[in-house]
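Next come the chains, spelled out residue by residue.
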Amino acid sequence: GLQAMTRGLDLWLGSGARITVATYLAFRAEVLIAQGRAAEALTLLDEARAIAERHGERYHLAELLRLSGLAHWRARADGAQADHAQALLGQALALAQSQHSDGFVLRAATTLAEIQADAGRTEAAAGLLQWSLDALPEHADTADARTARALLDRCAGAGAQSAPPAARTGIGTE
């Protein structure tokens, strides 16, 4: 896992290569976030963003912002950090849109929607997910699309659970 990724990056850097280093750092950061090591991930992501900016590798910057937002969210200790995390996710979403990168739009939207859903804002989360899924080609059946659809289903279920009984059944709503 992570050790193999580190060895691979070290070999890549040892060859003198500098292109895609930010991407490899992002992969490592994503593993650290999954392991609950958000503070370590943030260090790697700061380094990755600096490298991406220095070398003009902006194609992956939306994903770096998304991962930074996610890491800040996981490491949050107060409302200001939560707000910062959501701002980073908003930046990731806007940048991915401006780059016409449907995949990164979907990933940023899904992460932001997950945070919204966890905060009880399931309608906003569902709207964001539906919007991002609608932008995908009809044949898109990627792991990210399946994750977004599963979260959308969860949000729809939560919305139905919180609706008054008449609204859930449709009885008495005419």
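Residues numbered from 1 in each chain as written. Predicted model: local features only at pLDDT ≥ 70, side-chain atom pairs only at ≥ 80, totals over all residues. Heavy atoms only, no water.

Overview of the overall build of the protein chain
In step 1: Across its full length, the protein chain holds nine helices and zero strands.
In step 2: Listed N to C, the secondary structure of the protein chain is α-α-α-α-α-α-α-α-α in terms of helices and strands.
In step 3: Judged by the C-alpha coordinates and their principal axes, the protein chain covers about 70 × 40 × 30 Å.
In step 4: Counting only residues that meet the buried cut, the protein chain has 41% of its 174 residues in that class. (Helix = DSSP H or I, 4+ residues; strand = E, 2+ residues; numbered from the N terminus. Buried < 20%, exposed > 50% of the residue type's maximum accessible area, 1.4 Å probe, protein only.)

Digging into the side chain of Arg66
In step 1: Tracing the sequence through the fold places Arg66 in helix H4 (residues 61-75).
In step 2: Residue classification places Arg66 among the buried residues on the basis of a relative accessible area of 5%.

Here's the deal with unusual backbone geometry
In step 1: In this structure, Thr20 is a non-glycine residue whose phi angle is positive, near 70°.
In step 2: Inspection of the secondary structure assignment puts Thr20 in the loop between helix H1 (2-14) and helix H2 (21-34).
In step 3: Taking the relative accessible area as the measure of exposure, Thr20 reaches 21% and is therefore partly exposed.
In step 4: Positive phi outside glycine occurs at His100, with the angle close to 55°.
In step 5: Tracing the backbone through its elements, the reader meets His100 in the loop between helix H5 (79-98) and helix H6 (102-118).

A few points about helix H7 (residues 122-134)
In step 1: The first and last C-alpha atoms of H7 sit 18 Å apart over 13 residues, in line with the 18 Å expected at 1.5 Å per residue.
In step 2: All of the buried residues along H7 are Thr122, Ala125, Ala126, Leu128, Leu129, Ser132 and Leu133. For H7, the angular spread of buried residues about the axis comes to 165°, placing them on one side. Turned more than 90 degrees away from the buried face of H7, the exposed residues are Glu123 and Asp134. (Expected span 1.5 Å × (residues − 1). Arc of directions from axis to C-beta.)

A short note on a nonpolar patch on the surface
In step 1: Taken together, Trp12, Leu13, Tyr24 and Phe27 make up a surface patch of nonpolar side chains, about 340 Å² in accessible area.
In step 2: Those elements that provide at least two residues to the nonpolar patch are H1 and H2.
In step 3: Looking at the secondary structure, you find Leu13 in helix H1. (Patch = residues over 30% accessible without salt bridge, like charges linked within 9 Å, V, L, I, M, F, W, Y side chains within 5 Å. Areas by Shrake-Rupley, 256 points an atom, 1.4 Å probe, with all protein chains shown as cover. Salt bridge = Lys/Arg side-chain N within 4 Å of Asp/Glu carboxyl O.)

A few points about the packing of helix H3 (residues 38-55) against H4
In step 1: Where H3 meets H4, the closest approach of the two axes is 9 Å, and the angle between their N-to-C directions is 160°. If you check the angle between H3 and H4, you find them roughly antiparallel. Our pair here, H3 against H4, has a crossing hand that is left-handed. Across from Ala38, Ala41, Leu42, Leu45, Ala48, Arg49, Ala52 and Glu53 in H3, the residues of H4 making contact are Leu61, Leu64, Leu65, Leu67, Ser68, Ala71, His72, Arg74 and Ala75.
In step 2: For the contact of H3 with H4, the residue count by class is twelve nonpolar, two polar and three charged. (Axes fitted to C-alpha atoms, helices over the stretch in contact; angles between N-to-C directions. Parallel < 35°, antiparallel > 145°, perpendicular 65-115°, else oblique. Left-handed = near helix turned anticlockwise from the far one by under 90°. Contact = heavy atoms within 4.5 Å. Nonpolar A, V, L, I, M, F, W, Y, C, P; charged D, E, K, R; others polar.)

What to know about the pattern of salt bridges
Close approach of charged atoms allows side chains with opposite charge to pair.
In step 1: Evaluation of the coordinates by the stated rule reveals ten salt bridges.
In step 2: Here the residues in one salt-bridge network are Glu30, Glu63, Arg66, Arg107 and Asp144, joined through shared partners.

Structural notes on the environment of Glu40
In step 1: Relative to the assigned elements, Glu40 resides in helix H3.
In step 2: Between the alpha carbons of Glu40 and Ala126 there is a distance of 31 Å; along the sequence they are 86 residues apart.

A closer look at the packing of aromatic side chains
In step 1: As enumerated under the stated definition, the model contains two aromatic pairs in all.
In step 2: One aromatic cluster is present, formed by Trp12, Tyr24 and Phe27 through successive ring pairs.
In step 3: The residue whose ring lies beneath Arg76 is Trp73, and the NZ or CZ to ring-centre distance is 3.8 Å. (Phe/Tyr/Trp six-rings, centres within 6.5 Å; stacked < 30°, edge-to-face > 60°. Lys NZ or Arg CZ within 6 Å of the ring centre and 35° of its normal.)

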